[in-house]
Structure formats: structure tokens, C-alpha cells
Amino acid sequence: MAAAIKDVFYISHGSPTLSIDESLPARHFLKSWKEKVFSQRPKAILVISGHWETDEPTINVVDRSDTIYDFYGFPQPMYQLKYPTPGAPELAKRVKELLEASGFGTVKEDRERGLDHGAWVPLMLSVQTNRDGTYHYNVGRALAPLKEEGILIMGSGSATHNLRALWLKDGTVAPWAAEFDTWLKEALLSGRFEDVNHYEEKAPHAKVAHPWPDHFYPLHVAMGAAGDKSKAELIHHSWKLGTLSYASYRFTTAASC
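Remember, predicted model here, so these are calculated numbers, not experimental data.

**Description of the overall build of the chain**
From N to C terminus, the chain includes 10 helices and 10 strands. A globule of 257 residues ought to have a C-alpha radius of gyration of about 18 Å, and the chain, at 17 Å, matches this closely. By its C-alpha atoms, the chain is 50 × 45 × 35 Å across when sized along the principal axes. For the chain, the residues scored as buried account for 54% of the 257 residues in total. Positive and negative side-chain charges in the chain, numbering 28 and 31 respectively, have mean positions lying 4 Å apart.

**Side note on the pattern of salt bridges**
Inspection of every chain in the model, using the stated rule, returns 11 salt bridges. Among the ionic pairs, Glu 97 bridges to Arg 94, the shortest N-O distance being 2.3 Å. Of this pair, Glu 97 and Arg 94 both sit in helix α3 (residues 89–101), three residues apart, which is roughly one turn of the helix. The exposure class assigned to Glu 97 is partly exposed, which follows from its relative accessible area of 46%. Classification of Arg 94 by relative accessible area gives partly exposed; the value is 24%. Put simply, Arg 111 and Glu 109 hold a salt bridge, and the shortest N to O gap is 2.5 Å.

**Let's talk about helix α4 (residues 133–143)**
Burial analysis of α4 places eight of its 11 residues in the buried class, which makes it a mostly covered element. Regarding α4, the residues found buried are Gly 133, Tyr 135, His 136, Tyr 137, Val 139, Gly 140, Ala 142 and Leu 143. For α4, the capping residue at the N-terminal end is Asp 132, with a side-chain oxygen 3.4 Å from the backbone nitrogen of Thr 134.

**Some words on the environment of Phe 38**
Positionally, Phe 38 belongs in the loop between α2 (33–37) and β2 (44–53). A relative accessible area of 7% places Phe 38 in the buried class. Once the C-alpha coordinates of Phe 38 and Ala 26 are considered, the two residues, 12 residues apart in sequence, prove to be 16 Å apart. Ignoring sequence-local partners within four residues, the contact set of Phe 38 consists of Ile 5, Asp 7, Phe 9, Trp 33 and Leu 152.

Thresholds applied
- Residues numbered from 1 in each chain as written.
- Predicted model: local features only at pLDDT ≥ 70, side-chain atom pairs only at ≥ 80, totals over all residues.
- Heavy atoms only, no water.
- Helix = DSSP H or I, 4+ residues; strand = E, 2+ residues; numbered from the N terminus.
- Rg over C-alpha atoms; globule rule 2.2 N^0.38 Å.
- Buried < 20%, exposed > 50% of the residue type's maximum accessible area, 1.4 Å probe, protein only.
- Lys, Arg positive; Asp, Glu negative; His and termini not counted.
- Charge placed at Lys NZ, Arg CZ, Asp CG, Glu CD.
- Salt bridge = Lys/Arg side-chain N within 4 Å of Asp/Glu carboxyl O.
- Polar contact = N/O pair within 3.5 Å; in protein donor to acceptor, adjacent residues only side chain to side chain.
- Contact = heavy atoms within 4.5 Å.

Structure, rendered in C-alpha cells:
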């Protein structure tokens, strides 16, 4: 039986060029993942991807995952990358079982979808942008038992994500992005998860930082999976184009009494 996992992660994946651009600090952070961040080998990885939006929770149930190139106008090498990972159909069934038992209705199965650039790992779960942060936090709570089964749960999105407001001034960060990013860090590190669940009312420039919540809701799932008493840690921070924060967090589950 796989060892239990105490940590849950939220990773800001930023631009798809993260996979080839050696100038990005976030790329080097991810390349050092096993050595510096998380050395334990999980039984499987479940990613909640900001690039998969559905009306109802949906899980990909495949034996082998195709690579999806869900981006346009990028360098040709991006479209030559292949990541032919095996699927995890048994884990998919377990995820479906946990969510349905927790009152999330019928969880749909997608038997064709591959892996978008928010994941490129064995198994993906969608987000529901017609819901709110609390809903996704509760999705995470429903998935929490997977940690005891050796499953690594990761949210993949972006701490700030407004592609229509990229800041092209070299070496500077847009004030609204910096203020939202700082608020998020302070809220997470001080355990104010409920404030993050209601970020639209609590955070400065929330609607500018996230005009659409797809890249933020994976954070709520990660928080919920870690639990109310978990400890948040900022494990990486860098910027791209002055508005895309690569802030990434580890949530360590509190030890049982």
C-alpha cells in the first residue's frame, strides 16, 4: 500500500512556454521539484486543471492520455512535445465515488480527453466556473481521503490571470497585480482560507486579477483537500510580463491528535 501523503499543492503554471523557456525562474523551480520540494513518490497524481471547464464535475477516464495543445501562436517546438502518460481509470472511479458520496451529484466521465498544458500528468478533474470558491473548496474536502491512499493532489492555475492586461514594461509589476498577489499570500500564510473562498469581496482588484475564475478555482480545491487546519507555505514566486504571478503554494495537513 502506498504511503499517505500530507501535502497538497497549488502551482501557477503561467504561459505554456514554461515547458521550453529556460529563462523562466518557474521552469527551474519545477525542474528541481523532486530534489527540493517533494521527494516522495505518489501512487498517482490528480490535477485540478484551470484549462478544463465543465458545468458539472468531470473526470478523464482513459488508459493512455493524449497530449492536448490547447494554445495558439506559440513556437513550433511547443507542438512537438509529447507526454504519453498512462491513464488512471481506477483512480478516476475512486474520485467519482468520493464526489458523488459527498453530494456533488452525478460526476461525468470523459473517455476521450487527453491532458492539457495545465496538467500533462496522469489524471485530470475539471472546474465548474458557474460555481464559486466555496463549492470548489468542498470539492477538495471530498477528495481529501485520497491523500491517505498515496495520491498527490495538485491544483494547476495561476495566482493572477488576466491575459488582456499584460504589463510590457520591463522589470516592473502592475500595481493591481502586486496588490492582489500580496493579499493572497498574506491570506494563505495566515490561514484565512475563508477569505480566499470569498476573494471576490475580500481581495483588492479581484475582478482584474481574475476576470474569469478558471485559473483560481484549482487553488480552492487544493485548500479544501488540505483541510481547515493546514499550514500554507509559499514555495516559489516570480513574475512574467508584469501581471502573471507564478506564486505556488504547499499546504501541509495538520497532524492528527
